[in-house]
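# Coordinate inspection notes
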Amino acid sequence: MFKYFSIFLFLIGTTLVQAQSFIEETAEPKQDSIKKRKLLKSLGNGYLPSKYFDADLRYLIKYNQYEGVRTGLGVVTNNAFSERYRLNSYVVYGFRDHRFKYSLGGGIRLAEQTNTWLNLAYTDDLQETGSTKFLTDKRFFQFFEPRLLNISLFHKHITKSIALEHEISHKWLAETELTTSKIDPTYAYGFNVNGNSYENFDVTSAKIALQWSPFNTLKTSENKKQITHEGYPKFSFQYTKSLKNVLGGDFNFSKLDFRTLCYIGDKKNAFSELTIVSGLAFGEIPLTHLYHAYPNNITKEKILQRFSVAGLNSFETMFFNEFFSDRFTTFQFKHFLKPFNISKSYQPQLVLITRYAIGDMKFPERHENITFDSLEKGYTESGFELNKILFGFGLSFTYRYGAYHLPSIDDNVAFKFTFNISL
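As the structure is a computational prediction, the values presented were derived from the model and not from experiment.

So, how was this worked out
- Residues numbered from 1 in each chain as written.
- Predicted model: local features only at pLDDT ≥ 70, side-chain atom pairs only at ≥ 80, totals over all residues.
- Heavy atoms only, no water.
- Helix = DSSP H or I, 4+ residues; strand = E, 2+ residues; numbered from the N terminus.
- Buried < 20%, exposed > 50% of the residue type's maximum accessible area, 1.4 Å probe, protein only.
- Contact = heavy atoms within 4.5 Å.
- Areas by Shrake-Rupley, 256 points an atom, 1.4 Å probe, with all protein chains shown as cover.
- Pairing = 2+ DSSP bridges.
- Phe/Tyr/Trp six-rings, centres within 6.5 Å; stacked < 30°, edge-to-face > 60°.
- Lys NZ or Arg CZ within 6 Å of the ring centre and 35° of its normal.

Check the secondary structure of the chain and you find two helices and 25 strands. Within the chain, the proportion of its 423 residues that are buried is 44%. Across the chain, every contact between residues at least 6 apart in sequence was considered, and the portion connecting residues at least 24 apart equals 62%. Only carbon and sulfur atoms are counted for the fraction: they give 59% of the accessible area of the chain, which is about 22100 Å².

Here it is as C-alpha cells:
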C-alpha cells in the first residue's frame, strides 16, 4: 500500500509543478497575465472556477486509515450565480468503509458592507476524535494535508447547524454557530458519567469565534475593500458551550480555545515562525470533544514502516491516540534558513524545528475501553526539514526526548517526506 501511495503522492507533486509551469509559460502580458493571477488565486483558495459554480478542491481526494481512499466532489456557487445567495455541497465516498458522506448548505448575505452571512447546513460525515476546528479556519485552504494520511480514530456525526458570520472590521472576523449533532464513535468507547455509560450520544452546542489580525492593512478603491498586507501576529479565540436537555443534548460542558501565529523576519530570506495553541475543557465532556496534541506517528515497529508524510504543525514523533487532555498548550518554533540559491527554479530550504506540549486530564476514568497517557510532564521533540528537494517534496527528521523519551531509540525517531508547493 505504501509503495502505491508514494507513487500517487509523487504524481500529485509532479502534476502541480507542471501545471504551474504551463500557466507561467503560456500566459501573455496584460489580460492573460491577469487571468493567470486570478486562476492561481482561486486555486490557492481551494477552488477551480467555472461560470456559475466553483469546484471545491478540498474534497477531490484524500486518504486516511479508516476510510482508505476518500474521494468526491464539492461545489459552491460564485458571484455570477448570485451575490446575495450561495449554495455549497459535497459528497464523498470511502473505499475502505464503503460509505458515502455528504453535506448540503447555503447562505444569504444580510449586509454587503460587513460581509454578513446567515448560513444553514446539514452534514453526515466523520470527524477526527480529539480535534478542534476554529470556525474562522474555513477561510484557509491547504491543497494537501499530510497529517490526514495517518488518522485512524474517527466518530460519525450527523450535524444540523445555523451560523452567522460577520466582518467587524478588516482586523476582526467573527462567527457564531448553533449545532445539534448525533455522534457515534467508530471504535469501542464508552463515556461513563453520573453512573451511565454512553456509547453514542447527542450534543447541542453554541460557539462564538473571533479572529484578530491587528496588523492587517486595508485599501479602499471604487467602494471595494481589499486587504493589501497580511500582518502578524494573528490571534484566534473560540468559546463552545454544550447545552444539556436543549434540542436533545446529553451533556453540559464548556471549551475555551486560543491560537496565535507569528512570523519574525523576511519570508523571502531567513525568518522564524511561532505557533501557540491552547485549550481548556471542563464539564461532562466525552473523548470526541477533548484534545489531542496533533500527533502524526503511526504505531509500527520499524522506522521505515512509519515513513509517511510530515504535517505542517503536528508532532511527528507522537503516536496517534497516545495522549488526550482536557487542558493543553503547545508551542512550535520553526526557523527557516535562507533558501539555497542553486538555480532560479531549484532552491531547497532548511528548516530547524522545536515543539513542546503540556497538558492534563481531570477524569480519565470516565473514558472506557480506551487507554491513553497525559501530557503533565511535558513533551518535547526537535529536528529539521529539508524542503523542496524535488517536485515540492523534501525530507524531515525529528527526535523525541525529555520526560516521554521511549526506551528504544528507534521509537523516538521520525523520518518522513515533506510536501511544500505554492501556486
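Looking now at unusual backbone geometry. Of note, the bond from tyrosine 232 into proline 233 is cis; its omega dihedral lies within 30 degrees of zero at 10 degrees. Considering the arrangement of structural elements, one finds proline 233 in the loop between strand E14 (224–229) and strand E15 (234–242).

Here strand E3 (residues 61–64) runs beside strand E4 (residues 68–77); their pairing, made up of four bridges, is antiparallel. Across the sheet, the residue bridging to isoleucine 61 is threonine 71, located in E4. The antiparallel hairpin formed by E3 and E4 contains three residues in its connecting segment.

Here strand E16 (residues 253–265) runs beside strand E17 (residues 271–283); their pairing, made up of 13 bridges, is antiparallel. Counted as the bridge partner of aspartate 257 is glycine 279 from E17. Counting the residues between successive antiparallel strands, the hairpin from E16 to E17 contains five residues. As defined by bridge partners, E17 adjoins strand E20 (residues 327–336) across 10 bridges and the pair is classed as antiparallel. Residue pairing across strands places serine 278 opposite threonine 329, the latter belonging to E20.

If you walk across this open sheet you meet the three strands as E11-E10-E22, and the pairing is antiparallel. The open sheet is flanked by strand E11 (196–198) and strand E22 (367–368), the only strands paired with a single partner. One ladder, built from two bridges, connects strand E10 (residues 190–193) with E22; its direction is antiparallel. Residue pairing in the sheet places glycine 190 in a bridge with glutamate 368 of E22.

For the rest of this paragraph, the subject is the packing of aromatic side chains. Using the criterion set out here, one finds 28 aromatic pairs in the structure. A centroid spacing of 6.2 Å and a plane angle of 25 degrees characterise the contact between tyrosine 379 and tyrosine 404, whose relative ring orientation is stacked. Taken together, the positions of tyrosine 379 in strand E23 (residues 379–390) and tyrosine 404 in the loop between strand E24 (393–401) and strand E25 (413–419) put the pair 25 residues apart, joining distant regions of the chain. Each member of the pair, tyrosine 379 as well as tyrosine 404, carries the same accessibility label: buried. Here the guanidinium or amino end of lysine 234 rests over the ring plane of tyrosine 232, the centre of that ring lying 5.4 Å away.

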